[in-house]
Amino acid sequence: MADSTSSANRFYLTTPIYYVNARPHLGHAYSTIVCDAIARRKRALGIETWFLTGTDEHGQKIERSAEQAGCSPQEFTTKIAAEFRGLWDRLGLTYDDFIRTTEERHKRGVQKLFSTLRDRGFIYKGSYSGQYCVFDEAYVEGPPGTPCPDCGRMTETVSEENYFFKLSAFERKLLEFYESNPGFMGPESTRREVISFVRSGLKDLSISRTSITWGIPVPGDEKHVIYVWLDALVNYITAIGYGSDDPKDQKKFEKFWPADIHLIGKEISRFHCVYWPAFLMAAGIPVPRSVRANGWLLFDQGKMSKSRGNIVRAETVDEVLGADALRYFLLREIPFGQDGNFSFDALVQRYNGDLANGYGNLVSRVVNMVHKYFGGVVPEMPSSDAPSIVQQTLEGFPAAFDALNFSGALQQLWALVAETDGYLTENAPWKKPTDRSDSDHQKLQARVLTDAAEGIRIITALVYPILPDAAAKVWRQLGQGEIGDAARNAFLKNLAWGGLTPGTKFGEPAPLFPRAEKDAIERMQNLEDSNNRSAVDAASQGEATALSQAAAAPSEVPATAVNTADGRANEALTPPTAGSSADQQHISIDDFAKVDLRVAQILVAERVPKADKLLRLEVDLGYEKRQILAGIAQYYEPEKLIGRKIVIVANLAPRKMRGLESNGMLLAASLPPDGAPVLAGFLEEVPLGARLK
Ligand code: ME8
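Since this is a predicted model, take the numbers as computed values, not measurements.

1. Concerning the environment of Val595
Logical step 1: Relative to the helices and strands, Val595 resides in the loop between helix H22 (589–593) and strand S18 (597–608).
Logical step 2: Judged by its relative accessible area of 12%, Val595 is buried.
Logical step 3: For Val595 and Ala650, which are 55 residues apart along the polypeptide, the C-alpha to C-alpha distance reads 7.8 Å.
Logical step 4: Beyond its immediate sequence surroundings of up to four residues, Val595 is in contact with Val649, Asn651 and Arg691.

Given below as structure tokens:
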């Protein structure tokens, strides 16, 4: 991979701006953490760095999510954008700006770019009739009924008058550009995929919609809103001043554009490597220096994503092991550019092996011995030459890191951790052989401990962008002061062996990475379970979510959705608290009518392996059969359910649990104190598929 370090003394890097249709998870944290590590290293090298992140807030997908949550798109996007920002702050990520596409500065810039493209003859009006994937906000080739090639969801047919961008005019130009700029995109798999996409022919791109309103209006033709990807990509320039009349903003744009790295997930390469450079070329704006795609973080064998229902939240890892542990794991475990598995087991193994027993233990040994044998003051010693492994690491780590090979960089650095540890063990400064004089022993102690401490200083400086919290602690323990100040003074620029001067007073030893005990995994799993908005968990916690009293079983307790397909839908429908119906938030009859409640009969019921709470049901609605997963296994024997008539919510979005798709949810009363479910049913005979209203 080409070295993506810019030669200029400024560096601009960006994350994707995240959709606010759902809360952030580890996948989003991954890309943002990678950028944070790069930004920290660049700053510590004395390079003026601008690190941008933000949220993508327009488009049909967001509009629908807001509608489902029962609030306005603006309210909805503000809430979720704050969650992204809050998480980045909690994890200590050092973004310089957070752009929201609903901000005025962004709208102004998008409209300016649209007008520029139109003025330069690259936009024309036409009509589009074809397929659209709302989930990916992407146009899809093929007849009605074609599923989206990226996500597999059914596309919707769109027939509209649209503005088009003359993408076809850029086929040759783009291919020439890729050829003369081999470092533009990576990894190699992304590069190959993009080139073959362009080679297969580019059609003009529809860049406006009339059937939705949640977007930025086309200047001069306000019934059109600008296609969400054209809107979103432009954030990279609007955030640094494009479209502003303020000379300060204009200067900033000149200073930082073109971006050095757009860091993205691999699934959005086409937008960044084809459409984005084409828009910029058409507008006469320089194209970014590079686009780098991270692979996918997988969990439970699939890409971690809200729609699959297999997410893990970064907060959970932060709470139990700390943000540094998460950063280390993601960068060390997954070779950048490839897909990688996340598991609590692997995380704890890395944490204990590399951080607690490795780096943490080394620091603790050395700092404690300097306190014990030298009163915490670095002893007077003639300087030594850098051991060859240190020299290799000082060259190899930066080279690997700057090529975004974080895993390789850390591997080299941990070889130095192991070597330093081995050097201590070999020389055993804590043990005086009987045939060694006191003064010789003191000399040996001084030599070994100053060398080991110097090794730790180098390791700590290099690892700072990846383990900023731990590095800050170690820096203080080594008597070096605040590492943040050192970073501002570009301490990485002149990093060399021999910086630890005799007489330096060490700080107090303090634990860095306390060993994770067996319960760490369980604690993380429990945190996830209790945050999981699936009602499988809600039921086990006794959190009743009333969907309908109409379907209630002959019982005095409110009906409960046992397995929600989408937690957000439930949030909109607040559960009544016992005895306080006056406080209950009212919904209109129209809201209620959106819930499609139907009578169904259970044909098959069986336990789901390794899921104590789940039953897999096949139910017959009369007009169709479908599979539903229900969190009732602790309360109902599967065999006894066969043939039973139940009530289900038939129009919930499908949801995957334990790799199985659930198409709806059944209704049950929830009994205090622990939410034991009692299935809703009927005293009279009812036909299958009958609607409850
Ligand atoms: O695509 N593994 O937003 P988005 C690795 N708004 N990275 C992951 C991941 C996973 N399992 N899940 C998410 C959009 N990501 C658009 C982008 S940019 C102008 C507009 C990361 O909310 C990864 O960086 O779907 C991916 O590209 C991004 O989140 C997608 O976020």
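From this point, things continue past the structure.
2. Looking at the packing of helix H5 (residues 171–180) against helix H10 (residues 269–283)
Logical step 1: Where H5 contacts H10, the two axes come as close as 10 Å, and the packing angle between them is 105°. Our classification of the angle between H5 and H10 gives roughly perpendicular. Of the residues in H10, those in contact with Lys173, Leu174, Phe177 and Tyr178 of H5 are Cys273, Val274, Pro277, Ala278 and Met281.
Logical step 2: Of the residues assigned to the contact of H5 with H10, the class counts are 8 nonpolar, no polar and 1 charged.

3. Focus on the site of the ligand
Logical step 1: Lining the immediate environment of the ligand, one finds 26 residues, of which Ile17, Ser31, Asp56, Glu267 and Leu297 sit closest.
Logical step 2: Glu267 is positioned such that a nitrogen or oxygen atom in its side chain is 2.7 Å from an oxygen atom of the ligand.
Logical step 3: When isolated, the ligand has an accessible area of 670 Å², and the protein chains bury 94% of it.
Logical step 4: Looking at the shell around the ligand, the elements that each hand over two or more residues are strand S1 (10–19), helix H1 (26–44), helix H7 (228–233), helix H8 (235–238) and strand S12 (261–265).

4. Here we look at the packing of helix H12 (residues 323–333) against helix H15 (residues 406–427)
Logical step 1: Relative orientation of the contacting elements H12 and H15 amounts to 105°, with a least axis distance of 6 Å. Overall, the two elements H12 and H15 adopt an arrangement that is roughly perpendicular. Note on element contacts: H15 touches H12 through Phe406, Ser407, Leu410, Gln411 and Trp414, opposite Tyr328, Leu331 and Arg332.
Logical step 2: The class makeup of the residues in the contact of H12 with H15 is 5 nonpolar, 2 polar and 1 charged.

5. Some details on the sheet that holds strand S8 (residues 205–206)
Logical step 1: If you walk across this open sheet you meet the 4 strands as S5-S4-S6-S8, and the pairing is antiparallel. If you trace the sheet from one side to the other, it starts and ends with strand S5 (138–140) and S8, each paired once.
Logical step 2: Note that strand S4 (residues 123–133) and strand S6 (residues 156–165) share 10 bridges and pair antiparallel. The residue of S6 that forms the bridge with Gly130 is Val158.
Logical step 3: Contacting S5, S6 and S8, H10 crosses the sheet at an angle of about 35° to S6.

6. Considering the sheet that holds S12
Logical step 1: Ordered in space as S3-S2-S1-S12-S13-S7, the 6 strands form an open sheet in which the pairing is parallel. Two strands bound the open sheet, and with one partner strand each, they are strand S3 (97–100) and strand S7 (185–186).
Logical step 2: Relative to S3, strand S2 (residues 48–56) runs parallel, the two being bridged by 4 bridges. Bridge pairing links Gly54 to Ile99 in S3.
Logical step 3: Its contacts with the sheet put helix H3 (residues 73–90) on S1, S2 and S3, and the angle it makes with S3 is roughly 160°.

7. Some points on the packing of aromatic side chains
Logical step 1: This structure, assessed with the given rule, holds 38 aromatic pairs.
Logical step 2: Relative to Trp276, the ring of Trp257 has its centre 6.2 Å away and its plane inclined at 70°; by these criteria the two rings are edge-to-face. Of this pair, Trp257 sits in the loop between helix H9 (247–256) and S12 while Trp276 is found in helix H10, placing the two residues 19 residues apart along the sequence. The pair formed by Trp257 and Trp276 is uniform in burial state, with each residue classed as buried.
Logical step 3: Every member of this aromatic cluster is reached through a ring pair, and the members are Tyr12, Trp50, Tyr236, Tyr242, Phe253, Phe256, Trp257 and Trp276.
Logical step 4: One Lys or Arg, Lys266, reaches over the ring of Trp296 and ends 4.5 Å from the middle of that ring.

8. Looking at the environment of Arg488
Logical step 1: For Arg488, the location among the structural elements is in helix H18 (residues 483–488).
Logical step 2: Residues Arg488 and Ser65, 423 residues apart in the sequence, show an inter-C-alpha distance of 42 Å.

9. Quick notes on the nonpolar core
Logical step 1: Within the largest apolar cluster, 187 residues are counted, with the highest numbers of intra-cluster contacts made by Trp257 and Phe342.
Logical step 2: Per-element accounting of this core gives the leading share, 15 residues, to helix H13 (residues 344–374).
Logical step 3: Beyond its immediate sequence surroundings of up to four residues, Phe342 is in contact with Leu26, Leu297, Leu298, Phe299, Met304, Val312, Val317, Phe329 and Leu347.
Logical step 4: If you look at the next biggest cluster of nonpolar residues, it comprises 19 residues, including Ile628, Ile632, Tyr636 and Ile648.

Parameters at a glance
- Residues numbered from 1 in each chain as written.
- Predicted model: local features only at pLDDT ≥ 70, side-chain atom pairs only at ≥ 80, totals over all residues.
- Heavy atoms only, no water.
- Helix = DSSP H or I, 4+ residues; strand = E, 2+ residues; numbered from the N terminus.
- Buried < 20%, exposed > 50% of the residue type's maximum accessible area, 1.4 Å probe, protein only.
- Contact = heavy atoms within 4.5 Å.
- Axes fitted to C-alpha atoms, helices over the stretch in contact; angles between N-to-C directions.
- Parallel < 35°, antiparallel > 145°, perpendicular 65-115°, else oblique.
- Nonpolar A, V, L, I, M, F, W, Y, C, P; charged D, E, K, R; others polar.
- Near = heavy atom within 4 Å.
- Polar contact = N/O pair within 3.5 Å; in protein donor to acceptor, adjacent residues only side chain to side chain.
- Areas by Shrake-Rupley, 256 points an atom, 1.4 Å probe, with all protein chains shown as cover.
- Pairing = 2+ DSSP bridges.
- Phe/Tyr/Trp six-rings, centres within 6.5 Å; stacked < 30°, edge-to-face > 60°.
- Lys NZ or Arg CZ within 6 Å of the ring centre and 35° of its normal.
- Core = buried A, V, L, I, M, F, W, Y, C linked by side-chain atoms within 4.5 Å.

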